[in-house]
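Working through the structure, step by step
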Amino acid sequence: MQDTRRQVLLVSGGGIGGLAAALGAVRAGWAADLYERAPAFGEVGAGVQLGPNAVARLHAWGLESALREVAAYPERLQVRSALDGRVLAAMPLGSTIAARYGAPYVAIHRADLHGLLLDAVRAVPAARLHLGETIADHAEDAQGVALRTVSGHRVRGDAFVGADGLRSATRVRLLGAGPTRVSGHLAYRAVVPQNALPERLRTAQVTAWLGPGLHVVQYPVRRGELMNLVAIRHGRAPDDLDHWDHAGNAGDLEEALQGTTPALQDLVRAVPRAGGGWRLWPLSDRPPLQGAHEMARGRVALLGDAAHPMRPYLAQGAGMAIEDAAALQQVLTRCGDDVPQALRRYAEARWQRNARVQARAERNGRIFHATGPVRWARDLSLRLLGERLLDQPWLYRGPSVGTNTA
């Protein structure tokens, strides 16, 4: 006789990955309890680029209309020299990329992506959200997983997913993981209203400016009303980021951009004039995954940055978390009582693809920031090959359903 008991997935972390995991679980017929240590759900940060591989999964969850209400749909991706402003390569997005891969390329504010996932989770009774609850410990036995929160609550479920980000406590308990790897790169992020910028600085496309030891990316978000800017350069973070003021960030960044094209310098200088401020983040990651054992053991799995934090040079951090959640949904749908085996299938399906994205993102960072002869060769290759270098069929087609997704 088939067991019709409702299975329960416990999720740690209320960010994009945690919400996606909860949504995937309830669509697989499970109940989901999500624990977020903050007293209120919210998402800070700036823009997120979502390739067709991630957008297709949002559409499959019925979020296409909600996405269209808040996202921007750039028509073009271009790469320019940060030194002289020349366009080195370009690729059409919009309807071209949607026809090629079955879903569009989207640019969205992180808070808007978080909000639409949160609304979707709140709309299903099988998902329960617990705020102000930090997971202190977890323990597994033959019947399930027990969690203990810092406030003293004890709960049980059939499986547990750690989606608690870059410095995941779940990962530390599961794998004994050490500190994250410092990349030596600093990211300056800003979001400004487009109507507060001079018309010549506004944009409806994605532009990456590549320079020696640095690069800048700009693109529209929130229906095109806002512009997201991120500038990444080599450097050491200040000792106290909490007291690192916006004015200092702006001056530091402007100094780093000396010698670049006036068009790029004008864009960066326009941010404070348009009412925006530069927020500074040191970038950290972990080495690429080495095996499925780093994503799941027994009844416990890792998802998103908790499993595979990556550098932003392929614009796939959020995309891989969404793909993870979709893969988790697949294995939970046909799980039965053998939860450990289901989570093994999840990890085996995901680890090689995630490792490939991690490695490719790290390599892209070296290419983006190249100097000397390597930079000249990069620029020549972009001019000669253009779209063939910018397009990523292996990535944008998404993982193969039901197979190893490498």
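Our structure is the block above this text.
A few points on the structure. None of these values were measured; they are calculated from a predicted model.

1. A closer look at the pairing of strand β5 (residues 87–92)
- Note: strand β4 (residues 76–81) against β5, 5 bridges, orientation antiparallel. Across the sheet, residue Q78 finds its bridge partner in β5, namely A90.
- As consecutive antiparallel partners, β4 and β5 are separated by 5 residues, and within that stretch G85 has a phi angle of approximately 80 degrees, a positive value.

2. So, the side chain of S81
- With respect to the element layout, S81 can be found in strand β4.
- Reaching out from S81, the side chain makes a polar contact with the backbone nitrogen of L83 at a distance of 3.1 Å.
- Looking at S81, its side chain comes within polar contact range of the side chain of D84, at 3.2 Å.
- The residues touching S81, leaving out its near neighbours within four places in the chain, are R86, L88, W209, L210 and T261.

3. A closer look at a nonpolar patch on the surface
- Together, L380, L384, L385 and L389 give the surface a local cluster of nonpolar side chains, amounting to about 360 Å² of exposed area.
- No other element matches the 3 residues that helix α11 (residues 372–385) contributes to the nonpolar patch.
- If you trace the backbone, L389 turns up in helix α12 (residues 387–390).
- Using a relative accessible area of 36% as the deciding quantity, one classes L389 as partly exposed.

4. Let's talk about the sheet that holds strand β18 (residues 300–302)
- Overall, mixed pairing links the 6 strands, which are arranged β7-β2-β1-β11-β18-β17 in an open sheet. Bordering the open sheet on either side are β7 (127–131) and β17 (296–297), each of which pairs with just one other strand.
- Direction of pairing for strand β2 (residues 31–36) relative to β7: parallel, over a ladder of 5 bridges. In the strand pairing of β7, E36 is matched with L131.
- Running at roughly 15 degrees to β18, helix α10 (residues 339–368) makes contact with β11 (159–162), β17 and β18 of the sheet.

5. A word on unusual backbone geometry
- If you check the backbone angles, R223 has positive phi at about 65 degrees while not being a glycine.
- For A315, which is not glycine, the phi dihedral falls at a positive 55 degrees.
- With respect to the element layout, A315 can be found in the loop between β18 and α9 (317–333).

6. Quick look at the environment of V26
- Its place among the elements puts V26 in helix α1 (residues 16–27).
- By relative accessible area, which is 14% here, V26 ends up buried.
- In this structure the C-alpha to C-alpha distance between V26 and L332, which are 306 residues apart in sequence, comes to 9.5 Å.
- Excluding residues that lie within four positions of it along the chain, V26 makes contacts with A32, V124, A126 and A127.

Procedures and definitions
- Residues numbered from 1 in each chain as written.
- Predicted model: local features only at pLDDT ≥ 70, side-chain atom pairs only at ≥ 80, totals over all residues.
- Heavy atoms only, no water.
- Pairing = 2+ DSSP bridges.
- Helix = DSSP H or I, 4+ residues; strand = E, 2+ residues; numbered from the N terminus.
- Polar contact = N/O pair within 3.5 Å; in protein donor to acceptor, adjacent residues only side chain to side chain.
- Contact = heavy atoms within 4.5 Å.
- Patch = residues over 30% accessible without salt bridge, like charges linked within 9 Å, V, L, I, M, F, W, Y side chains within 5 Å.
- Areas by Shrake-Rupley, 256 points an atom, 1.4 Å probe, with all protein chains shown as cover.
- Salt bridge = Lys/Arg side-chain N within 4 Å of Asp/Glu carboxyl O.
- Buried < 20%, exposed > 50% of the residue type's maximum accessible area, 1.4 Å probe, protein only.
- Axes fitted to C-alpha atoms, helices over the stretch in contact; angles between N-to-C directions.

Purely geometric stuff here, so don't read any function into it on its own.
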